[in-house]
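# Structure assessment
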Amino acid sequence: MEFSRRRIIPSLPSLTPTETIHLRDTAAFDDGSVPNPTIAPFNTGLNGVNQPVNLLFRDVLWWTLGIVALIVLGIRIIELSWAKLRLVMAMATPGEKQTYWKVKQWSWMPGLKRRLMYAPLWKKRHNREIRLSTAVNMGTLPSRLHAVLLLGYVGSNIVYMFFLNWRNENKFAFCAELRGRSGTLAVVNMIPLIILAARNNPLIGLLQISFDTYNLLHRWIGRIVVIETVIHMIAWAYVQVADGGWASVKHKVFYDRFIGWGTVGTVGMVLIFILSVSPLRHAFYETFLNVHIILALVAFIGTWIHCVAASVEGGLPQLPWIVAIMIMWMLERLARMFRLAYCNWTRRGSTEAHVEALPGNACRVTMKLPRYLNLKPGQHAYLRFSGLNPWENHPFSIAWYEHDYEEEILPFSVKETKKIRKPVATTVCFVIGAQQGFTGKLYRAAEATPSRAITLSAAFEGPYAGHHSLDSYGHCVLFAGATGITHQISYVRHLLAGFNDGIVATRRITLIWTIRDFEALEWVRPWMDQILHMPNRKELLRIKLFITRPKAHREISSPSTTVQMFPGRPNIPMLLMKEVHEQVGAMCVTVCGPGGLADDVRAAVRTAQKERQTLDFIEESFTW
């Protein structure tokens, strides 16, 4: 066995710890007792720890993550270059002449999209929540691609964890090696854990991977870290109990700085694990989020002091890593504070929000920012409101925005050119559905006033995301459910304006919006009125409204052939296949809405891949 291992990894040191490491802390017994060389050295410090192999697996894990990121970056560069080429070639081309881009792709791409890239884990369910009852929510399932990545990451951690010297006859020395390996891996995995949790993570824009995907990976890596931390604690406790009984464990936990703070960090992580169980997290999400931040800080501080307080000179080898983790965590928090200060406070004043309670249990929020922000379609922001749990912040899609400009100054003479006015402020609009907690409080606060509207001091943190561009697609099909319209309407406006300016390839837009009743139309009425009056709207845009619970059938009337209303739910496969058969150039299908709607659209897109035409799929979601 030893010979075969050396053949696999020739440069790997012996898996048997050296005598130097074995006896490093035996001098710690200063009470006159003689330490048992079979047990005593292996419950402290680096005794029995195979540090060279630990560092090898640290390098392998970090290099693996870096290589995966570089591969994704390379793929994104190719995708962006192809989209840019398509945009340049097609933006001046009529729709009927974009046939080349309708079919031009690698022959194996439709199959890859259908079987892996767009595939759910099993049959159809991906973003539709698994509910055992109205109160018990088990969350969602990862996609097939996500599952492959997670399986690889979890499997590699299992291999690294248990690549031990199983021939070691001293079980206490074996536990010491396991203690060192699990502790090393736990801290090593904290690096990607903290990066993936950051909403200001530069990798989001660089790799163009959604924060929702990072959040999924964060949750799973967090579970790995907790399990490795618990193994680390158990491996130490097993040797300590053999050496001095449970009384010695209690004494170490309460009176030994090194063990005590390690226990604090472990308890913090275990509590995070328990509270993040899906039913608890979904039932008390706002409380969970605040407690999660506090416990994470406790766990990091406990780990930091645990590494500093070790009897090893200079602290444990993991000390620089936990310092880096703390620095990254603080920098990300500072980035959030900077965004808040930059967006909301200037010499012109501060941000105010006008909140209107609308029919259909929703609010329309209009925020007047004192500063100009360059916004793009598909972006979202985190909002805070004074008097409504201001320490809480939640993400909402930006539905509409307008810019305020400098006052126009007339030239003093004929020779002077007219000065171009600069934008100085931005007004941003949202639609927020009233649910439990924060959104429900906001709706009730506005509804309680005679005018059903209130003005509050507020804070805007963002914008985030918006890295999906639809400009190069000749045909865009946008599905929305309920308040998901806020994400899609920003694209509709952008593409129509781009068509009129001649800077997009889009020649057909189909917006399919599913709502419960006719009242929901009021949510976006002022913005939809502007869209319907835009030049060339009838040439480009088709709107199909599906009202699932109309109060009266006389409400269902189609004002024109380009704006149609239907009762009931949409037949998504039929609607999409109709669009595919009439496809103009490359097509992109996007969806923003409830999980069931997103899964139906995903299934229809996968089926349509059999037509072997260029058909991309984008899902906007925020699972928690």
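These remarks concern the structure in this document. (Residues numbered from 1 in each chain as written. Predicted model: local features only at pLDDT ≥ 70, side-chain atom pairs only at ≥ 80, totals over all residues. Heavy atoms only, no water.)

## Here we look at the packing of helix 12 (residues 285-308) against helix 13 (residues 319-344)
It is at 9 Å that the axes of helix 12 and helix 13 come closest, and there the two elements cross at 150 degrees. Classified by the angle their axes make, helix 12 and helix 13 are roughly antiparallel. Viewed along their axes, helix 12 and helix 13 form a crossing whose handedness is left-handed. From helix 12, Ile293, Leu297, Phe300, Ile301, Thr303, Trp304, Cys307 and Val308 reach across to helix 13, where they touch Leu319, Ile322, Val323, Ile325, Met326, Trp329 and Arg333. When its residues are assigned to classes, the contact of helix 12 with helix 13 shows 13 nonpolar, 1 polar and 1 charged. (Axes fitted to C-alpha atoms, helices over the stretch in contact; angles between N-to-C directions. Helix = DSSP H or I, 4+ residues; strand = E, 2+ residues; numbered from the N terminus. Parallel < 35°, antiparallel > 145°, perpendicular 65-115°, else oblique. Left-handed = near helix turned anticlockwise from the far one by under 90°. Contact = heavy atoms within 4.5 Å. Nonpolar A, V, L, I, M, F, W, Y, C, P; charged D, E, K, R; others polar.)

## Observations regarding the packing of aromatic side chains
Overall, the coordinates contain 17 aromatic pairs when judged by the stated rule. Ring plane angle 70 degrees and centroid distance 5.7 Å describe the contact between Tyr118 and Phe617, whose orientation is recorded as edge-to-face. With Tyr118 in the loop between helix 5 (109-117) and helix 6 (144-162) and Phe617 in strand 15 (residues 615-620), this residue pair connects regions lying 499 residues apart in the sequence. Of the two residues, Tyr118 and Phe617, neither departs from the other in class, the shared state being buried. Residues Tyr382 and Tyr464 carry aromatic rings whose centres are separated by 5.5 Å and whose planes lie at 85 degrees to one another, so their mutual orientation is edge-to-face. On the criterion of sequence distance, the pair formed by Tyr382 in strand 5 (residues 379-385) and Tyr464 in strand 9 (residues 453-465) is long-range, its members being 82 residues apart. Overall, the relative accessible area of 3% leaves Tyr382 in the buried class. Tyr464 sits in the buried class, given a relative accessible area of 6%. Of the aromatic side chains, those joined through ring pairs into one cluster are Phe57, Tyr160 and Phe163. The positively charged end of Arg339 is found above the aromatic ring belonging to Tyr464, 4.4 Å away from the centroid. In this structure, Arg371 packs its charged tip against the face of Tyr342, placed 3.9 Å from the ring centre. (Phe/Tyr/Trp six-rings, centres within 6.5 Å; stacked < 30°, edge-to-face > 60°. Buried < 20%, exposed > 50% of the residue type's maximum accessible area, 1.4 Å probe, protein only. Lys NZ or Arg CZ within 6 Å of the ring centre and 35° of its normal.)

## Let's talk about a nonpolar patch on the surface
Nonpolar side chains collect at one region of the surface, where Val267, Leu271, Phe273, Ile274, Leu275, Val277, Leu280 and Phe284 lie side by side and expose about 640 Å² of accessible area between them. The element contributing the most residues to the nonpolar patch is helix 10 (residues 257-275), with 5 residues. In this structure, Ile274 sits in helix 10. (Patch = residues over 30% accessible without salt bridge, like charges linked within 9 Å, V, L, I, M, F, W, Y side chains within 5 Å. Areas by Shrake-Rupley, 256 points an atom, 1.4 Å probe, with all protein chains shown as cover. Salt bridge = Lys/Arg side-chain N within 4 Å of Asp/Glu carboxyl O.)

## What about helix 5?
Buried within helix 5 are the following residues: Met109, Pro110, Gly111 and Lys113. Contact partners of the buried residues in helix 5: strand 15.

## A look at the nonpolar core
Core analysis: the largest hydrophobic core is formed by 56 residues, its most contacted members being Met190, Phe300, Leu316, Ile322 and Ile325. Listed by contribution, the elements that provide at least two residues to this core are helix 3 (51-90), helix 6, helix 7 (171-197), helix 8 (202-207), helix 9 (211-255), helix 10, helix 12 and helix 13. When residues of this core are assigned to their parent elements, the largest contribution, 11 residues, is made by helix 9. In contact with Leu316, other than residues within four places in its own chain, are Leu46, Phe258, His306, Cys307 and Ala310. Among the nonpolar cores identified, the runner-up in size contains 42 residues, and Val492, Leu540, Leu541 and Ile543 belong to it. (Core = buried A, V, L, I, M, F, W, Y, C linked by side-chain atoms within 4.5 Å.)

## Here's the deal with the sheet that holds strand 6 (residues 394-397)
If you trace the 7 strands from one edge of the open sheet to the other, you get 6-5-9-3-4-8-7, paired in antiparallel fashion. Taken across any chain shown, the strands that pair with only one partner, and hence form the sheet edges, are strand 6 and strand 7 (400-405). The average angle at which neighbouring strand axes cross in this sheet is 35 degrees, direction not considered. Sheet analysis places strand 4 (residues 362-369) next to strand 8 (residues 423-433), joined by 8 bridges and oriented antiparallel. Residue pairing across strands places Lys368 opposite Thr427, the latter belonging to strand 8. Sheet strands touched by helix 16 (residues 525-532): strand 4, strand 7 and strand 8. Its angle to strand 7, the strand with the most contacts, is close to 75 degrees. (Pairing = 2+ DSSP bridges.)

## Some details on unusual backbone geometry
Along the chain, Gly462 connects to Pro463 via a cis peptide bond; the corresponding omega equals -5 degrees. Take Pro463: it is sitting in strand 9. The phi dihedral of Arg452 falls on the positive side, at around 55 degrees, and the residue is not glycine. Residue classification places Arg452 among the partly exposed positions, given a relative accessible area of 31%. The phi dihedral of Arg612 falls on the positive side, at around 60 degrees, and the residue is not glycine. Residue position: Arg612 is located in the loop between helix 19 (595-608) and strand 15. Arg612 gets classed as partly exposed once you look at its relative accessible area, which sits at 45%.

## As for the environment of Glu620
Looking at where Glu620 falls in the secondary structure, it is placed in strand 15. Taking the C-alpha atoms as reference points, Glu620 and Gly593, separated by 27 residues in sequence, lie 7.9 Å from one another. Beyond its immediate sequence surroundings of up to four residues, Glu620 is in contact with His380, His487, Val591 and Cys592.

Geometric descriptors of this kind do not, in isolation, establish any biological role.
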